[in-house]
Amino acid sequence: MRSKTRYMFLCLFFSAVTLANTGVAFVHGTGHQTDAYNDYWKPEFVQKVIQGLDNPNLYTVINCDFDQFMWNSDAAGCLAASLYDFINAHGITDLVVITHSNGGNVMRWILSNPTWDSRYPVIIDRVRWVNALAPSSLGTPLANAVTSGTIFEQALGWLLGYASDAVKQQQTHWMSYYNQYWLLGTSGRPSTPKGFWSVIGTDVETSIFDPDSYCGGYSLNLGLEITQAWLDNCSDGFLNCASQSGAGYIWKYDYQFTDGDEPLSHNQSRRKCFGLAELLRDDL
Amino acid sequence: MNKINITMVLCICSIFVMSANTYRLLPPKRGDFAPDKLTGSPIESRSMNENREELSFHWLLNPKEAINLYQRPQRTTSSRYSMEIDSTEIPNGITIDTTAPGAIIRLFAVHGPDEELDLDSSYALLPENMILVNRNEEAFQGEEAFISFVSVEEMDEAGFSLPEGTVGFQINPKLEAGTFTLHIDQYQSEFPLRVHVFEKDSAYLLNLQMNSDIAFEGSQITVYGDLSPSSNMADDASSTMRTEQFEAQIHSPSGAIYPMETSRTEYGRLMATATLPEKGSISEGLWEVKVKAVLSDSEYKIIREGETAFSFVQPTARFTGRVEISGMKVESNIRDDRSSKGISVAFEVDTAHPGRYEVKGLLFGSSRDGKMYPLAMFDTAVYLEEKGLIEVVLAQETLKKSGLSAPYKIMGLTLKDQSRLAILSFQREALTL
């Protein structure tokens, strides 16, 4: 694990010299979002995080179609356009990108493939670092399970056809290929040009008698406790810890900063639960 | 041509020689790959990147980074299988073979998009209406048999979308592994049932590994399989087990299926081979090899399905091997770059089709102790209509900042086709500067 502190001092130094105009972008996970501020992140989470900005207006909440493959123009193309426009519209010189789940892969696509699109180098230049909340860097066995039903059973294609391109991409053996040949930052591969720091959810706790189980929605957390059956002992209910820590640097495990050492389920790692928003706020 | 003109031409030639020198890429080594010939097939896919702008980018690397440039095909593991049970067989019970306690079962009725399961049969699929019988003919019901019941709605909310009507449960881990019979007596529907079995804690993992993650059109691919609890081949249990079934197929992203020939290696490993089509439809996404193996010994019947992925590549371009290097003090000492403005390395690329091609790689530099360390990652992409040069420029500022110096090496040299999202070649050690 590498310390983020050293990078913070460097950034503080350069900020002082260049009077950085700091902004923050929130990048959602799998799905086609049209109002991620209200639907994916929730206002109380975003508003708490942006308290860390000198100018709290300098934030953007991304709405793109992350049901597509990460390189698709509706995925990375849309994300690049949104970040590029945000940077130019506000003169952002120092951008912190907060991603959740598959949003980390789409952002890593941009960092790893700077010559794909002329906007990518500009974005990379302005990014301070990426705070990747529960990134699906090595994929998830759940994506394998969802898409595996078609083995020798093509007649079932209609039934399982809803597995989006993003779900297919997040199968563990597909991510293994993309990490090896198209993405940077995994073990043995060169690092991304800007830091990719992951926050890792390690468990799901649900009890109707425990108020903590209700943070982020009880039923969502209950579902994640059940999906843990398909996963390693260390998981957030959707991703194994190994996947979340599979690219870049580990910033924090949930128990290292949460109130009462509470674990963060995959749902809670995008919500104002147990001090996560405060951690991100203080990082700005 | 008069004497003055001849003198001018000679001067121009000598400047060119001093500023750009022609080199050859080093010979490929084991693990490197490149197409033997360019494709003669037309391109049927839409371009995945329409960008025509030449872009170049490089960044400094931490010299202490542990970079592994030995490309090894991925290894996948599986401890699951699935089966389809015809409605006429359901009254006899569904046989579920397990090799570890606590298998996780998912099942659903297979019906058409406009069809629905009748209420009685839906009710029958509730675990409280099922009976589980072990190999000693002991029957179990309720929590004695099943735990962790889950509804499809709960799973869907967790982001794990499953077919409508899916029922999921775990066989009580207190029950010993082996062959079970699941009785769903009230199921009256004509729809077959699809059953998925996942054995999280089984020691019997189907491990699959292909000969390469990148496969050119018309090439032969091989997938190897073994049944072992780890990657240690000495533990391969499959070599001594009886093979009851072993099938392998190639699935393209567009839905085409190609059979593979199956056999055993001389050491008893499972092996499947096939020759890829000369012309495959290039769709977004990866091709897959899907394998089903049924093996048995005196204690267990082991059923496993697994898959591995690869990229089907039309060889649309390749390096000719010719490289032009400029920007270094050629006449005195090529390894002395202190007075230059940086290094320009232009790779000649031959193309079969116009497209956006990318050259990516690592520059290693030397430290005072004579060892080589990662210095920078470079990346240039251009649109080529035909054979041309792709130039990588490494600024003197970058070289200086690194604290490393000549001799330099270009490592991990990769040629990509951004238009078709394809990796065309990789060379671990490409050039010494």
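Note that the structure is predicted; figures quoted are calculated from it, not measured.

## As for the overall build of chain A
In step 1: Helices and strands together make up the secondary structure of chain A, namely 13 helices and six strands.
In step 2: Here chain A holds 284 residues, and the buried ones make up 62% of them.
In step 3: Expressed as a percentage of contacts within chain A between residues at least 6 apart in sequence, the contacts between residues at least 24 apart total 75%.
In step 4: Element-wise, carbon and sulfur atoms account for 51% of the exposed surface of chain A, whose accessible area totals about 9500 Å².

## Comments concerning helix H4 (residues 73–90) of chain A
Residues and elements named next belong to chain A.
In step 1: End to end, H4 covers 24 Å across 18 residues, agreeing with the expected 26 Å (1.5 Å per residue, within 8%).
In step 2: Regarding H4, the residues found buried are Ala 75, Ala 76, Gly 77, Leu 79, Ala 80, Leu 83, Phe 86 and Ile 87.
In step 3: Packed against the buried residues of H4 are strand E1 (22–27), strand E2 (59–61), strand E3 (94–100), helix H5 (103–112) and helix H6 (119–126).
In step 4: Two to three positions downstream of the cap, the backbone nitrogen of Asp 74 sits 2.7 Å from a side-chain oxygen, assigning the N-cap of H4 to Asn 72.

## Section: the packing of aromatic side chains
In step 1: Enumeration over the complete set of coordinates arrives at 22 aromatic pairs over all chains.
In step 2: On the numbers, 4.9 Å between centres and 45° between planes, the contact of Trp 197 of chain A with Tyr 249 of chain A is tilted. A residue pair is termed long-range when its members are at least 10 positions apart, and Trp 197 of chain A in strand E5 (residues 195–200) and Tyr 249 of chain A in strand E6 (residues 249–253) qualify at 52 residues.
In step 3: Among the residues examined, Tyr 249 of chain A registers a relative accessible area of 18% and is labelled buried.
In step 4: An angle of 10° between the planes, with centres 5.9 Å apart, marks the rings of Tyr 258 of chain B and Trp 287 of chain B as stacked. Of this pair, Tyr 258 of chain B sits in strand E17 (residues 257–259) while Trp 287 of chain B sits in strand E20 (residues 287–296), and the two are 29 residues apart along the sequence.
In step 5: An aromatic cluster of three or more residues is present, and its members are Phe 69, Trp 71, Trp 109, Trp 116, Trp 174, Tyr 177, Tyr 178, Tyr 181 and Trp 182 of chain A.
In step 6: A cation over a ring is seen here: Arg 52 of chain B above Tyr 383 of chain B, with NZ or CZ 3.6 Å from the ring centre.
In step 7: For the cation-ring pair, Lys 416 of chain B lies above Trp 182 of chain A, with the distance from its terminal atom to the ring centre recorded as 4.2 Å.

## Description of the layout of surface pockets
In step 1: By volume, the second largest pocket amounts to about 1300 Å³.
In step 2: Surrounding the second largest pocket, 49 residues form its lining, Thr 172 and His 173 of chain A together with Arg 75, Thr 76 and Thr 77 of chain B being those nearest its centre.
In step 3: With seven residues, the top contributor of residues to the lining of the second largest pocket is helix H10 (residues 172–181) of chain A.
In step 4: If you count residues domain by domain, the lining of the second largest pocket takes at least three from each of domain 1 (2–72 + 316–432) and domain 2 (80–198) of chain B.

## Comments concerning the pattern of salt bridges
Residue and element names in this part refer to chain B.
In step 1: In this structure the tally under the stated criterion is 21 salt bridges over all chains.
In step 2: In this structure, Glu 429 and Lys 29 form a salt bridge, with 3.6 Å as the shortest nitrogen-oxygen distance. With Glu 429 in strand E28 (residues 422–432) and Lys 29 in the loop between strand E1 (20–24) and strand E2 (55–60), this residue pair connects regions lying 400 residues apart in the sequence.
In step 3: One network of salt bridges, in which partners are shared, links Lys 29, Lys 409 and Glu 429.

## Digging into the state of the cysteines
All names here are of chain A.
In step 1: Inspection of the entire model under this criterion finds two disulfides over all chains.
In step 2: Disulfide pairing is shown between Cys 64 and Cys 78; the S-S distance is 2.0 Å. Between Cys 64 and Cys 78 the sulfur-sulfur dihedral comes to about -85°; the bridge is accordingly left-handed. Pair noted here: Cys 64 is in the loop between E2 and H4 and Cys 78 is in helix H4, with a separation of 14 residues, a long-range link.
In step 3: Residue classification places Cys 64 among the buried residues on the basis of a relative accessible area of 2%.
In step 4: The disulfide partner of Cys 234 is Cys 241, and the gap between their sulfur atoms is 1.9 Å. Negative torsions about the S-S bond denote left-handed disulfides, and the value of about -80° found for Cys 234 with Cys 241 makes this one left-handed.
In step 5: Given a relative accessible area of 31%, Cys 234 falls into the partly exposed group.
In step 6: Look at Cys 241 and you get buried, because its relative accessible area is 6%.

## Focus on the sheet that holds E2 of chain B
Residues and elements named next belong to chain B.
In step 1: Taken in spatial order, the five strands of this open sheet run E2-E25-E24-E27-E28, and their pairing is antiparallel. Whereas interior strands pair on both sides, the edge strands pair on one side only; in this sheet they are E2 and E28. Geometrically, the sheet is characterised by an average inter-axis angle of 15° between neighbouring strands, direction not taken into account.
In step 2: The sheet contact formed by E2 and strand E25 (residues 372–384) spans six bridges and is antiparallel. Looking across to E25, one finds that Ser 56 is bridged to Thr 380.

## Some details on the nonpolar core
In step 1: Among the nonpolar cores identified, the biggest contains 92 residues, and Trp 109 of chain A together with Phe 347 and Ile 410 of chain B are the most heavily contacted of them.
In step 2: In terms of residue count, the dominant contributor to this core is H4 of chain A (seven residues).
In step 3: A domain-level breakdown of this core finds at least three residues from each of domain 1 (2–72 + 316–432) and domain 3 (214–312) of chain B.
In step 4: The contacts of Phe 347 of chain B, once residues within four sequence positions are left out, are Leu 25, Phe 319, Arg 322, Val 323, Val 359, Gly 388, Leu 389, Ile 390, Val 392, Ile 410 and Leu 413 of chain B.
In step 5: Judged by nonpolar contacts, the second largest core, of 32 residues, contains Ile 96, Leu 132, Ile 171 and Val 294 of chain B.

Rules used throughout
- In this numbering scheme, every chain counts its residues from 1 along its sequence in written order.
- As they are written, the chains are lettered A onward and the ligands numbered 1 onward, keeping that order.
- Since the coordinates come from a predicted model, pLDDT governs what is reported: local features require at least 70, and pairs of side-chain atoms require 80 or more to be given and counted, while whole-chain, interface and lining totals use all residues.
- Working from all heavy atoms in the structure, the side-chain values ignore hydrogens and water.
- A run of H or I in DSSP counts as a helix once it spans at least four residues, and a run of E counts as a strand once it spans at least two, with each numbered from the N terminus.
- Each residue gets one of three labels from its accessible area relative to the maximum for its type: buried under 20%, exposed over 50%, partly exposed in between, using a 1.4 Å probe on protein chains only.
- The criterion used for residue contact is that any of the two residues' heavy atoms lie within 4.5 Å.
- Accessible surface area values rest on a Shrake-Rupley calculation with a 1.4 Å probe, where residue burial reflects the displayed protein chains alone.
- Take the residue count of a helix, subtract one, and multiply by 1.5 Å to get its expected span.
- In the analysis that follows, any N or O atom pair within 3.5 Å is treated as a polar contact, provided that within protein one partner can donate a hydrogen and the other can accept it, and provided that, for residues neighboring in sequence, both atoms belong to side chains.
- Pairs were defined over the aromatic rings of Phe, Tyr and Trp, the Trp ring being its six-membered one, requiring ring centres within 6.5 Å. Orientation was assigned from the angle between planes: stacked under 30 degrees, edge-to-face over 60, tilted for the rest.
- Charges are assigned to positions over rings by a cutoff of 6 Å between ring centre and Lys NZ or Arg CZ, combined with an angular limit of 35 degrees from the ring normal.
- Using protein atoms alone on a 1 Å grid, points that fit a 1.4 Å probe yet trap it form a cavity, whereas open point sets bounded by protein on both sides within 12 Å along at least five of seven lines form a pocket; residues with an atom within 4 Å of a point count as lining.
- Grid points are joined across faces, edges and corners, and a volume is the space filled by probe spheres set on the points.
- These domain boundaries are the output of an automatic or database domain assignment.
- Take a side-chain nitrogen of Lys or Arg and a carboxyl oxygen of Asp or Glu: if they are within 4 Å of each other, that pair is a salt bridge.
- Any cysteine sulfur atom paired with another within 2.5 Å is treated as part of a disulfide.
- Two strands are counted as paired when DSSP detects at least two bridges linking them.
- Axis geometry follows a simple rule: fit a line to the C-alpha atoms, using only the stretch in contact for helices, then measure angles between N-to-C directions, giving values from 0 to 180 degrees.
- We define a nonpolar core as any set of buried Ala, Val, Leu, Ile, Met, Phe, Trp, Tyr and Cys residues linked to one another through side-chain atoms lying within 4.5 Å.

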